[in-house]
Amino acid sequence: KIYGRVEAVYTPVDGVEIYEVVRKRLFEGLGDEKIRREVAQSYFDMYQKLGTDVPSEVKEIEYRERMEHAYPFHPELIDVLYERWGSYATFQRTRGVVRLLAQAVADLYKQRVASPLIQSSLVNLENPSIRREIVKHIGNEYDSVIAADIAGKNAKAPKIDKEMGSEYEKYKIATGIATSVFLYSCGGGVKKETSLPRVRVALLREGIPPTIVGD
C-alpha cells in the first residue's frame, strides 16, 4: 500500500495533461472559452502563413488544440520546462514548472505585459526571484552569463534593442530571443540546442514582424 501511494505521487503527468495541471494550480478561472479558441486560432493562422519558417508540428490541427489546452501559456514554454529542465533532479518536473511559472506570471502581471499567450521569450530573467529559481538548478556561474548577455545593467541584448529602436525596443526582441535560446540551451539531458524556427515560435506574437527574428 505504501509503495502504491508513493508510485502514484511520482508518476509524471504527460501530454496535454501537464497543461491542465499547471494552469489549474495557477489560475482560478480561464475566462471566456471563445477567447481561448480565438487566441489559439490566431497563432495557428500565423504559423500557416510562415510556412517552413516554423516547425511543421505547430501547423498541425493537434497543435492548435494544444494551445487551447495550455492557455494562457504557450505550449512551447511548458514543453521546454517540462521536457528539458525536468531532466534536472532538483527541478521535480511538475512542481518545478509550476513554481517557476507562478513567478513568471506574477512578474508579467506586475509589469502589465500585453501578450495573448505567455511564451519563453517573456520570462523576465532580470527579476531576482526568477533568476534565483533558475540558477539554483544550473549553477551560480550562470548568473554572470545572464547578467552579461540577457538581463543586467550592461547586458548585450537590451543594448541591441535600444540601439535598433522601433519594434526591437518596444517588444524587447533581442532580449526575448536571448532568453528563449537560454531556456532551450539548459537542461540535464543531451539535447541542448534550439533552431531558428523554434525561436520564432518562442517569440512571435501579434504586432511583431516575422522577418525581425531572422534579422
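Summarised in this report is the structure supplied together with it. (Residues numbered from 1 in each chain as written. Predicted model: local features only at pLDDT ≥ 70, side-chain atom pairs only at ≥ 80, totals over all residues. Heavy atoms only, no water.)

1. Some details on the overall build of the chain
Here is step 1 of the chain: The helix and strand tally for the chain stands at 13 helices and zero strands.
Here is step 2 of the chain: For the chain, the residues scored as buried account for 46% of the 215 residues in total.
Here is step 3 of the chain: Here the contacts in the chain between residues at least 6 apart in sequence split such that 63% fall between residues at least 24 apart.
Here is step 4 of the chain: Counting only carbon and sulfur atoms, one obtains 52% of the accessible surface of the chain, whose full area is about 11,800 Å². (Helix = DSSP H or I, 4+ residues; strand = E, 2+ residues; numbered from the N terminus. Buried < 20%, exposed > 50% of the residue type's maximum accessible area, 1.4 Å probe, protein only. Contact = heavy atoms within 4.5 Å. Areas by Shrake-Rupley, 256 points an atom, 1.4 Å probe, with all protein chains shown as cover.)

2. Examining unusual backbone geometry
A negative phi angle is the norm for most residues apart from glycine, just as the trans form is the norm for most peptide bonds.
Here is step 1 of the chain: Between Tyr71 and the following residue, Pro72, the backbone shows a cis peptide bond with an omega angle of 10 degrees.
Here is step 2 of the chain: Examined against the element boundaries, Pro72 turns out to sit in the loop between helix 4 (61–70) and helix 5 (75–84).
Here is step 3 of the chain: You will see that Arg112, though not glycine, has its phi angle at about 60 degrees, which is positive.
Here is step 4 of the chain: If you trace the backbone, Arg112 turns up in the loop between helix 6 (94–111) and helix 7 (128–138).

3. Comments concerning the pattern of salt bridges
Here is step 1 of the chain: With the rule as written, the count across this model stands at eight salt bridges.
Here is step 2 of the chain: We note a salt bridge from Glu57 to Arg198, for which the minimum N-O separation is 2.8 Å. Linking Glu57 in the loop between helix 3 (33–50) and helix 4 with Arg198 in helix 12 (residues 196–203), this pair joins segments that are 141 residues apart in sequence.
Here is step 3 of the chain: Between Glu133 and Lys136 there is a salt bridge whose closest N-O contact spans 3.4 Å. Of this pair, Glu133 and Lys136 both sit in helix 7, three residues apart, which is roughly one turn of the helix.
Here is step 4 of the chain: With relative accessibility at 6%, the residue Glu133 sits in the buried group. (Salt bridge = Lys/Arg side-chain N within 4 Å of Asp/Glu carboxyl O.)

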